[in-house]
Amino acid sequence: MVKRVIVEVLGIHEYEVADAAIFVDDLGTDSLDTVELVMALEEEFDCDMPDNDVADIRTVGDVVNYFTSRTASFES
């Protein structure tokens, strides 16, 4: 689910969304993209992501791990 949200929000191809992909360097995100992505993930998972947690997320894998550790029935 995380990767689907990333593809939809960033308008990129699914093959680009590898766990090791760095949002800024590999996917070309900027601060507006980050805000939109966080909002979409919060809506998808019905949660709030604190700013200090968001600041620690650099890669797609970081996002997957973030939600895996917080959601029992999670699918990437």
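Since the model is a prediction, treat every value here as computed from it, not as a measurement.

**A word on the overall build of the protein**
For the protein, the helix and strand inventory stands at four helices and zero strands. Reading the helices (α) and strands (β) of the protein from amino to carboxyl end gives α-α-α-α. Here the C-alpha atoms of the protein give a radius of gyration of 11 Å, agreeing with the 11 Å that 2.2 N^0.38 yields for 76 residues. Expressed as lengths along the three principal axes of its C-alpha atoms, the size of the protein is roughly 30 × 25 × 20 Å. Across the 76 residues in the protein, those meeting the buried criterion constitute 37%. The contacts in the protein between residues at least 6 apart in sequence include a share of 53% that link residues at least 24 apart. On the protein, roughly 4800 Å² of surface is accessible, and the fraction owed to carbon and sulfur atoms is 48%. Separation between the mean location of the 4 positive side-chain charges and that of the 19 negative ones in the protein comes to 6 Å.

**Brief notes about the nonpolar core**
By size, the foremost hydrophobic cluster in this structure holds 21 residues, and its most contacted members are Val-2, Ile-6, Phe-23, Leu-41, Met-49, Val-60 and Phe-67. Within the residue set of this core, elements represented by two or more residues are α1 (2–10), α2 (31–45) and α4 (60–68). Top contributing element to this core by residue count: α4, with five residues. When near neighbours in sequence (up to four residues on either side) are disregarded, Val-60 contacts Lys-3, Ile-6, Val-17, Ala-18, Asp-19, Ala-21, Phe-23 and Leu-27.

What counts and how
All residue numbers refer to positions counted from 1 along the written sequence of the respective chain. Totals for whole chains, interfaces and linings use all residues, but because this is a predicted model, local features are given only for residues with pLDDT of at least 70 and pairs of side-chain atoms are given and counted only at 80 or more. In computing side-chain properties, one takes all heavy atoms of the structure into account and sets aside hydrogens as well as water. Put simply, DSSP H or I for four residues or longer makes a helix, DSSP E for two residues or longer makes a strand, and each gets a number counted from the N terminus. Just to be clear, the radius of gyration here is over C-alpha atoms, and the globule rule we use is 2.2 Å times residues to the power 0.38. Relative accessibility thresholds used throughout: buried, under 20% of the residue-type maximum; exposed, over 50%; partly exposed, between the two (1.4 Å probe, protein chains only). Every residue pair with non-hydrogen atoms within 4.5 Å of one another is taken to be in contact. Reported accessibility uses the Shrake-Rupley method at a 1.4 Å probe radius. Residues are deemed covered only where the shown protein chains occlude them. His is not counted here, nor are the chain ends, while Lys and Arg score as positive and Asp and Glu score as negative. We put the charge of a Lys on NZ, of an Arg on CZ, of an Asp on CG and of a Glu on CD. Take the buried Ala, Val, Leu, Ile, Met, Phe, Trp, Tyr and Cys residues and link them wherever side-chain atoms come within 4.5 Å; each set so joined is a nonpolar core.

The analysis is restricted to geometry; functional conclusions fall outside its scope.
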